[in-house]
Amino acid sequence: MSTWRRLSCLNFNHPLRRYFTDTRPVIALCREESSVWERRAPLNPGQVGRLVKEGYTVLVQPSTRRAYSIPEYKMNGAVIREDISEAHAIFGVKFLPPECIIPKKRYAFFSRSVRAQSDMNVLDALLEKEVCFMDYKKIVDKNGKRLVTFGKMAGIAGMINILHGLGLRLLSLGYHTPFMHVGCAHNYPTVSTAKAAISSVGREIQCGLLPDSLGPMIFTFTGAGNVSQGAQEVFQGLPHEFVSPRDLKEVTEKGNTKRIYATVVGKKDHLEHVDGCKFDVQDFIKHPENYHSSFNEKIIPYTTCLINGIYWAPGSPRLITIEQSKQLQAKELTMSFTEVPCLPQRLLAICDISADINGSLEFMSQCTSIDSPFVLYNAHTGECQSNTMSGPGIVISSMDNMPAQLPHDSTDLFGAMLLPHIREFLKVDPDKSLGSQQDISDVVKNALLTHNGKLTEKFQYIAELRKTQQQ
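Residues numbered from 1 in each chain as written. Predicted model: local features only at pLDDT ≥ 70, side-chain atom pairs only at ≥ 80, totals over all residues. Heavy atoms only, no water.

Trainee: Looking at this structure, how should I read the overall build of the chain?
Mentor: A count of helical and extended segments in the chain gives 14 helices and 18 strands. For the chain, the C-alpha radius of gyration of 25 Å lies close to 23 Å, the compact-globule estimate for 471 residues. Overall, the C-alpha framework of the chain stretches about 80 × 50 × 35 Å when taken along its three principal axes. Across the chain, the mean location of the 52 positive side-chain charges is 6 Å away from that of the 48 negative side-chain charges. (Helix = DSSP H or I, 4+ residues; strand = E, 2+ residues; numbered from the N terminus. Rg over C-alpha atoms; globule rule 2.2 N^0.38 Å. Lys, Arg positive; Asp, Glu negative; His and termini not counted. Charge placed at Lys NZ, Arg CZ, Asp CG, Glu CD.)

Spelled out as structure tokens, the structure:
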């Protein structure tokens with residue numbers, strides 16, 4: 001059978017054929033323009049090849065910044081084209097400039113519009129141009145668990161970054177340690193090469209190259225989701241032992257310096273009912289105001305490095321308040337290089353992967369960047385100094401685009417999660433009401449922020465939030 005006849009038969013029998021007037025469903029991957037560091041894509045070349053074999057036409061806007069190259073996409077059947085207006089659905093990673101949004105199309109990318117805090121000009125453009133927009137953050141199952149996410153990659157990149165930052169901070173305090181041999185995440189071409197480097201650092205620690213005068217080091221991970229799991233996956237390349245939060249005090253007194261200790265902290269480990277009742281997760285979800293956190297008393301005083309990956313909702317107890325942070329840091333830093341230097345405090349570094357400004361860590365007032373990944377936060381003055389590790393303070397890394405540091409692995413993982421939802425998204429008719437489209441799953445319907453020039457019912461609260469914030 002000729003190529004033309006084979007494709008014709010494939011197109012005619014394609015399961016989406018009845019949704020389009022032409023012969024093949026067409027999707028496009030747009031070029032990323034949100035940051036010079038944004039090298040990810042929604043799909044990798046192999047995943048594009050799968051769609052092409054299923055009968056899709058896949059357009060790819062050319063980009064020499066994208067980690068996967070144009071020839072790789074072309075070899076897998078993609079059509080490389082600047083003009084993607086033919087596409088029925090356009091997929092990106094981060095938000096697009098408003099002027100690049102094509103009217104009356106289906107779009108999918110990450111947006112920060114759901115809190116009405118930023119990207120409002122993008123949301124206005126989506127509404128004005130009557131775009132059917134799906135936010136990846138809102139693709140969730142019936143229990144609210146996100147199905148399409150970079151969370152694990154954020155955890156992996158964040159853990160690599162903070163090991164690098166910890167090495168720099170300890171050096172400024174007078175200690176050379178094996179952590180000096182860990183680079184920032186974007187210095188590694190893949191996750192596997194980063195893990196190999198960290199395993200090498202682990203062997204040095206096992207050989208006793210971590211100074212005894214540092215005492216046992218404890219890494220505290222908050223949460224048990226994708227972010228925390230990704231960070232723990234990297235951490236486990238070091239010689240380690242996981243302990244209960246209840247045992248942290250004993251570890252600081254009797255721990256072995258040839259291994260690194262870790263604890264994973266869940267809600268029940270630090271949230272306490274104000275009336276002394278037993279912690280109940282459902283009650284906490286309904287009435288967070290009835291709980292306070294003992295994190296500052298039971299967990300953080302024994303922590304060397306905090307890896308924070310939890311979502312914080314306004315009204316919930318914070319892990320550490322601004323006032324509490326002052327108890328964790330020495331006011332002054334006295335250095336002596338004629339004897340073994342003493343650490344000024346136990347808490348040396350924080351990686352806030354959640355990047356929630358003024359969130360669970362109230363003093364986290366700004367996001368750092370890949371160009372400038374760390375700040376030195378002085379709790380007593382409230383100042384954050386970038387580009388220095390010297391002086392009193394706690395090192396903080398809080399980038400909001402950590403997965404962009406590992407673009408190949410991030411694209412691979414994300415694309416595998418996105419693929420099952422692409423066909424469903426293409427079924428959405430931008431011209432018909434969502435209520436009349438019974439063959440669209442709730443997973444996709446509930447992820448649509450805009451449709452036919454309006455906010456969908458679930459997200460109409462955004463308009464009210466904007467009015468409140470403007471008052």
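Trainee: Is there a simple way to think about the side chain of Lys445 in this case?
Mentor: Following the sequence through the fold, Lys445 ends up in helix α13 (residues 442-445). This buried residue, Lys445, is left without a salt bridge; Asp442 holds the nearest opposite charge, at 5.2 Å. With near-sequence residues (within four places) excluded, Lys445 lies in contact with Leu434, Gln437, Gln438 and Ile440. (Buried < 20%, exposed > 50% of the residue type's maximum accessible area, 1.4 Å probe, protein only. Salt bridge = Lys/Arg side-chain N within 4 Å of Asp/Glu carboxyl O. Contact = heavy atoms within 4.5 Å.)

Trainee: Where do I start with the pairing of strand β16 (residues 394-397) in this structure?
Mentor: Consecutive residues of a regular strand have side chains that alternate between opposite faces of the sheet. Along β16, one buried face is formed by Ile394 and Ile396 and the opposite face, lined by Val395 and Ser397, is buried too. Taken together, the three bridges between strand β13 (residues 349-352) and β16 define a ladder with parallel strand orientation. The residue bridging Ile350 from the neighbouring strand is Ile396, located in β16. Bridge analysis of strand β14 (residues 375-378) against β16 gives three bridges, and the strand direction is antiparallel. Pairing of Leu376 across the sheet is with Val395, part of β16. (Pairing = 2+ DSSP bridges.)

Trainee: Please explain the pattern of salt bridges as it appears in this structure.
Mentor: Side chains that differ in sign of charge can pair as their charged atoms come close. Evaluated as defined, the whole model comprises 16 salt bridges. Put simply, Arg31 and Glu33 hold a salt bridge, and the shortest N to O gap is 3.8 Å. With relative accessibility at 41%, the residue Glu33 sits in the partly exposed group. Shared partners join several salt bridges into a network, and the residues in it are Arg31, Glu33 and Glu82.

Trainee: Whenever I open this one, the packing of aromatic side chains confuses me. Can you help?
Mentor: The geometry of an aromatic ring pair is captured by two quantities: the separation of the ring centres and the angle between the planes. Taken as a whole and judged by the stated rule, the model has 16 aromatic pairs. Aromatic side chains Phe110 and Phe414 sit 5.7 Å apart centroid to centroid with 50° between the ring planes, which places their arrangement in the tilted category. Of this pair, Phe110 sits in the loop between β5 (106-109) and α4 (120-128) while Phe414 sits in helix α12 (residues 407-427), and the two are 304 residues apart along the sequence. Of the two residues, Phe110 and Phe414, neither departs from the other in class, the shared state being buried. (Phe/Tyr/Trp six-rings, centres within 6.5 Å; stacked < 30°, edge-to-face > 60°.)

Trainee: It is not clear to me how the sheet that holds strand β17 (residues 448-451) should be interpreted in this structure. Could you clarify?
Mentor: The strand order across the open sheet built from eight strands is β3-β2-β1-β4-β5-β6-β17-β18, with neighbouring strands paired in mixed fashion. Of all strands in the sheet, those with a lone pairing partner are β3 (79-80) and β18 (454-455), marking the two edges. Bridge count for strand β6 (residues 132-135) against β17 is two bridges, and the pairing is antiparallel. Paired with Met134 across the bridge in β17 is Leu448.

Trainee: Just checking my understanding: could you explain unusual backbone geometry for this structure?
Mentor: Most peptide bonds take the trans form, and the phi angle of most residues other than glycine is negative. A positive phi angle, near 55°, is found at Lys104, a position not held by glycine. Along the chain, Lys104 turns up in the loop between β4 (89-91) and β5. One non-glycine residue with positive phi stands out, namely Glu130, at about 55°. Within the fold, Glu130 resides in the loop between α4 and β6.

Trainee: How should the pairing of strand β9 (residues 260-265) be read in this particular structure?
Mentor: Burial runs high along β9: five of the six residues are buried. Two strands pair when backbone bridges link them, and strand β7 (residues 218-222) and β9 are joined in this way by five bridges, in the parallel orientation. Of the residues in β9, the one forming a bridge with Ile218 is Tyr261. Strand direction decides the pairing type here: strand β8 (residues 240-242) and β9, joined by three bridges, are parallel. Its bridge partner being in β9, His240 is matched across the sheet by Ile260. Read from β8 through helix α8 (residues 248-254) to β9, the crossover connection turns out right-handed. (Right-handed = clockwise from strand over helix to strand, strands pointing away.)

Trainee: Help me out: how do you make sense of the nonpolar core in this one?
Mentor: Buried together is how nonpolar side chains tend to be arranged in soluble globular proteins. Core analysis: the biggest nonpolar cluster contains 58 residues, and Ile27, Leu43, Phe91, Tyr136, Ile422 and Phe425 have the highest contact counts within it. Sorting elements by how many residues they give to this core places α12 first, with six residues. Counting 48 residues, the second largest nonpolar core, distinct from the first, contains Ala231, Ala262, Cys351 and Met399. (Core = buried A, V, L, I, M, F, W, Y, C linked by side-chain atoms within 4.5 Å.)

Trainee: In this structure, what is going on with the packing of helix α5 (residues 151-172) against helix α7 (residues 226-235)? I would like to understand it.
Mentor: A pair of packed helices is captured by two measures, namely the crossing angle of their axes and the spacing between those axes. Their axes nearest at 6 Å, the elements α5 and α7 cross at an angle of 40°. Relative to α7, the element α5 lies oblique. As for how α5 packs across α7, the hand of that crossing is right-handed. Residues Gly151, Lys152, Gly155, Ile156, Met159 and Ile160 of α5 touch α7, and the partners they reach there are Asn226, Val227, Gly230, Ala231, Glu233, Val234 and Phe235. Residues that form the contact of α5 with α7 fall into these classes: seven nonpolar, four polar and two charged. (Axes fitted to C-alpha atoms, helices over the stretch in contact; angles between N-to-C directions. Parallel < 35°, antiparallel > 145°, perpendicular 65-115°, else oblique. Left-handed = near helix turned anticlockwise from the far one by under 90°. Nonpolar A, V, L, I, M, F, W, Y, C, P; charged D, E, K, R; others polar.)

Trainee: What's the story with α5 in this structure? I'm lost.
Mentor: What sets the pattern is the α-helix's 3.6 residues per turn: residues three or four places apart point alike. Relative to the 32 Å expected for 22 residues at 1.5 Å per residue, α5 spans 31 Å between its end C-alpha atoms, a close match to the ideal helical length. Once α5 ends, the next one or two residues include Gly174, with phi positive near 105°. (Expected span 1.5 Å × (residues − 1).)

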